[in-house]
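Next come the chains, spelled out residue by residue.
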Amino acid sequence: RADYADRAIVEFTAAIYHYEQAGHERYCATNFNNLAMLLYQVGRYAEAHESLDRAREIFERHRDPGNLAQVNETRARVLVAEGRYREADHILPGVIRAFESGSDHALLADALTLQGVVSARLGAHESSVLTLRRAIDVARDSGAFSNAGLAALTLIEEHGQGRLSETELLDAYRRADELLKDTQDTEDIARLRACARIMGQRLVGARLSDAGFVLPDVVHAYEARFIREALENEQGSISRAAQKLGIR
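These lines cover the structure that appears in this document, whether it is placed above or below. (Residues numbered from 1 in each chain as written. Predicted model: local features only at pLDDT ≥ 70, side-chain atom pairs only at ≥ 80, totals over all residues. Heavy atoms only, no water.)

Overview of the side chain of N147
Okay, step 1: Looking at where N147 falls in the secondary structure, it is placed in helix α8 (residues 145-159).
Okay, step 2: For N147, the residues in contact, after removing those within four places along its chain, are A106, D110 and A139. (Helix = DSSP H or I, 4+ residues; strand = E, 2+ residues; numbered from the N terminus. Contact = heavy atoms within 4.5 Å.)

Next up, the structure:
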């Protein structure tokens, strides 16, 4: 709701003013970061960068690497929203290192998820898949189940159209569905439904009405599905996979 966003912006701005008057610079900087996150969510990217500049200036002056990493992570989110993936890719490794040295694994999982998105958009698909799987594991193992579920959704959104096998896709969706079973966030629910549609389209396969339908190509793709699954089950052994499939 736009009116709620406007009210929240007013309240953050008021909080920043009062913290400045009270001399609580770190609280002030934290609220600049919070304000930037809200501005990013409503698409006001230039203003978000301005707030992040103010937050960064304060945390750098106080030599606060933990909070500075959170500011940089927010900056990377804004850059991704603007399509500036290479700039985000330059920032995120330092953010991840900072979070790895801390104790908040939920923050680490979110940064890894964002790095997975950036890698996918830059064409580093294998690295992206590995990073997103690590994000899921880090979040789940630390009890941050919602963060783990969102990382699983991101894995499907970025790679579910073809780079994941059907088995991997189904496993990712089941994990997301279980980890987010108690969510009441409408955006999370909408993403779950969209990922269910991706999974359904992949599992149903090609249809005669699809544009560019060619039967031999469809048959080869269908064969490839089972060949890939057999190779995965047999840890890459071609001879054992062929034996399981009943072919030479």
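A look at unusual backbone geometry
Negative phi is the rule for most residues except glycine; trans is the rule for most peptide bonds.
Okay, step 1: Here R63, not a glycine, exhibits a phi torsion of approximately 50°, which is positive.
Okay, step 2: Relative to the helices and strands, R63 is located in the loop between α3 (45-61) and α4 (65-81).
Okay, step 3: On the basis of relative accessibility, which here comes to 77%, the residue R63 falls in the exposed class.
Okay, step 4: Notably, Q235 is not glycine yet its phi reads approximately 50°, a positive angle.
Okay, step 5: Within the secondary structure, Q235 is located in the loop between α11 (215-233) and α12 (238-245). (Buried < 20%, exposed > 50% of the residue type's maximum accessible area, 1.4 Å probe, protein only.)

A look at the side chain of T131
Okay, step 1: Within the fold, T131 resides in helix α7 (residues 125-141).
Okay, step 2: Note on T131: relative accessible area 15%, which makes it buried.

Details of the packing of helix α2 (residues 25-41) against α3
Okay, step 1: Running from amino to carboxyl end, α2 crosses α3 at an angle of 160°, the nearest separation of the two axes being 8 Å. Judged by the inter-axis angle, α2 sits roughly antiparallel to α3. Here α2 runs over α3; the crossing is left-handed. On α3, the residues that touch E25, R26, C28, A29, T30, F32, N33, L35, A36, L39 and Y40 of α2 are Y45, E47, A48, S51, L52, R54, A55, I58, F59 and R61. (Axes fitted to C-alpha atoms, helices over the stretch in contact; angles between N-to-C directions. Parallel < 35°, antiparallel > 145°, perpendicular 65-115°, else oblique. Left-handed = near helix turned anticlockwise from the far one by under 90°.)

Notes on α8
Okay, step 1: Along its 15 residues, α8 runs 21 Å from first to last C-alpha, staying within 8% of the 21 Å computed at 1.5 Å per residue.
Okay, step 2: Counted residue by residue, α8 has eleven buried out of 15 residues, so it is predominantly covered.
Okay, step 3: Buried within α8 we find N147, A148, G149, A151, A152, L153, T154, L155, I156, E158 and H159.
Okay, step 4: Against α6 (105-121), α7, α9 (166-179) and α10 (186-204) lie the buried residues of α8. (Expected span 1.5 Å × (residues − 1).)

So, a nonpolar patch on the surface
Okay, step 1: There is a patch of nonpolar side chains on the surface, built from Y222, F226, I227, L231, I238, L245 and I247 and spanning about 640 Å² of accessible area.
Okay, step 2: Going through the elements one at a time, α11 and α12 are the ones with two or more residues in the nonpolar patch.
Okay, step 3: The leading source of residues in the nonpolar patch is α11, at four residues.
Okay, step 4: Here L245 falls in the partly exposed class, since its relative accessible area comes to 31%. (Patch = residues over 30% accessible without salt bridge, like charges linked within 9 Å, V, L, I, M, F, W, Y side chains within 5 Å. Areas by Shrake-Rupley, 256 points an atom, 1.4 Å probe, with all protein chains shown as cover. Salt bridge = Lys/Arg side-chain N within 4 Å of Asp/Glu carboxyl O.)

Some thoughts on the environment of L164
Okay, step 1: By the secondary structure assignment, L164 is in the loop between α8 and α9.
Okay, step 2: Since its relative accessible area comes to 2%, L164 is described here as buried.
Okay, step 3: Residues L164 and A224 lie 60 residues apart in sequence; the distance between their C-alpha atoms is 13 Å.
Okay, step 4: Filtering out sequence-adjacent residues up to four positions away, L164 remains in contact with R133, L155, H159, L169 and R202.

Here we look at the nonpolar core
Okay, step 1: With 32 residues, the main nonpolar core has L155 and I156 as its most contacted residues.
Okay, step 2: Counting residues per element, the ones that place at least two in this core are α5 (85-100), α6, α7, α8, α9 and α10.
Okay, step 3: Counting 17 residues, the second largest nonpolar core, distinct from the first, contains L35, L38, A48 and L52. (Core = buried A, V, L, I, M, F, W, Y, C linked by side-chain atoms within 4.5 Å.)

Examining the environment of A109
Okay, step 1: Mapped onto the fold, A109 is located in helix α6.
Okay, step 2: Distance from A109 to R140, taken between C-alpha atoms, is 9.1 Å for residues 31 residues apart in sequence.
Okay, step 3: Ignoring anything within four residues of it in the chain, the contact list for A109 reads A135, V138 and A139.

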